[in-house]
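Survey of secondary and tertiary structure
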Amino acid sequence: MENKVNANALIEQLIALEYAIRQSIAVREDQEDDADASHLDTAKSYGITVTDDMTGGISKGDLLNAVQTELRKLQTNTRDAANPASGDA
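About the cut-offs
Residues numbered from 1 in each chain as written. Predicted model: local features only at pLDDT ≥ 70, side-chain atom pairs only at ≥ 80, totals over all residues. Heavy atoms only, no water. Helix = DSSP H or I, 4+ residues; strand = E, 2+ residues; numbered from the N terminus. Buried < 20%, exposed > 50% of the residue type's maximum accessible area, 1.4 Å probe, protein only. Contact = heavy atoms within 4.5 Å. Areas by Shrake-Rupley, 256 points an atom, 1.4 Å probe, with all protein chains shown as cover. Core = buried A, V, L, I, M, F, W, Y, C linked by side-chain atoms within 4.5 Å. Expected span 1.5 Å × (residues − 1).

1. Digging into the overall build of the protein chain
Regarding its fold elements, the protein chain presents three helices and zero strands. Seen in sequence order, the protein chain has helices and strands lined up from the N terminus as α-α-α. Per-residue burial for the protein chain yields a buried fraction of 28% across its 89 residues. Counting contacts in the protein chain only where the partners sit at least 6 residues apart, residues at least 24 apart contribute 69% of the total. Just so you have it, the protein chain exposes about 6,200 Å², and 49% of that area is on carbon and sulfur atoms.

In C-alpha cells:
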C-alpha cells in the first residue's frame, strides 16, 4: 500500500512539473530554448536525467519529453501493479 501511495504522490508531482514546463513554452519555438534551471533541478530530484543536445544545452522540449516519458511509464507500472491479470492474455 505504501508503494502505491508513493507512486501516486510521484505521479502528482510529475504532472505538476509537466504543467510548469508547458507553461514556460508560450509558443512552439520556445521548445528549443534552454530549460529552466528550477525545472531541471526538480526533474533531477525525481531521478529524471536529460543529456545535453548538440547545441550544448537541455531544451525545454527535451525536458518535457523526458518528464512525460517517465510519467507515462510510472502510470503504466502503477496501473499494471493494481491489475496484474491485465497483462496476461
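2. A short note on the nonpolar core
Formed by 15 residues in total, the largest nonpolar core has its most connected members in Leu14, Ile21, Ala43, Leu63 and Val67. For this core, the secondary structure elements donating two or more residues are helix 1 (2–23) and helix 3 (60–82).

3. A closer look at helix 3
Across its 23 residues, helix 3 extends 33 Å between first and last C-alpha, which sits within 8% of the 33 Å expected from 1.5 Å per residue. Where helix 3 is concerned, the buried positions are Lys60, Gly61, Leu63, Leu64, Val67, Gln68, Leu71, Leu74 and Thr78.

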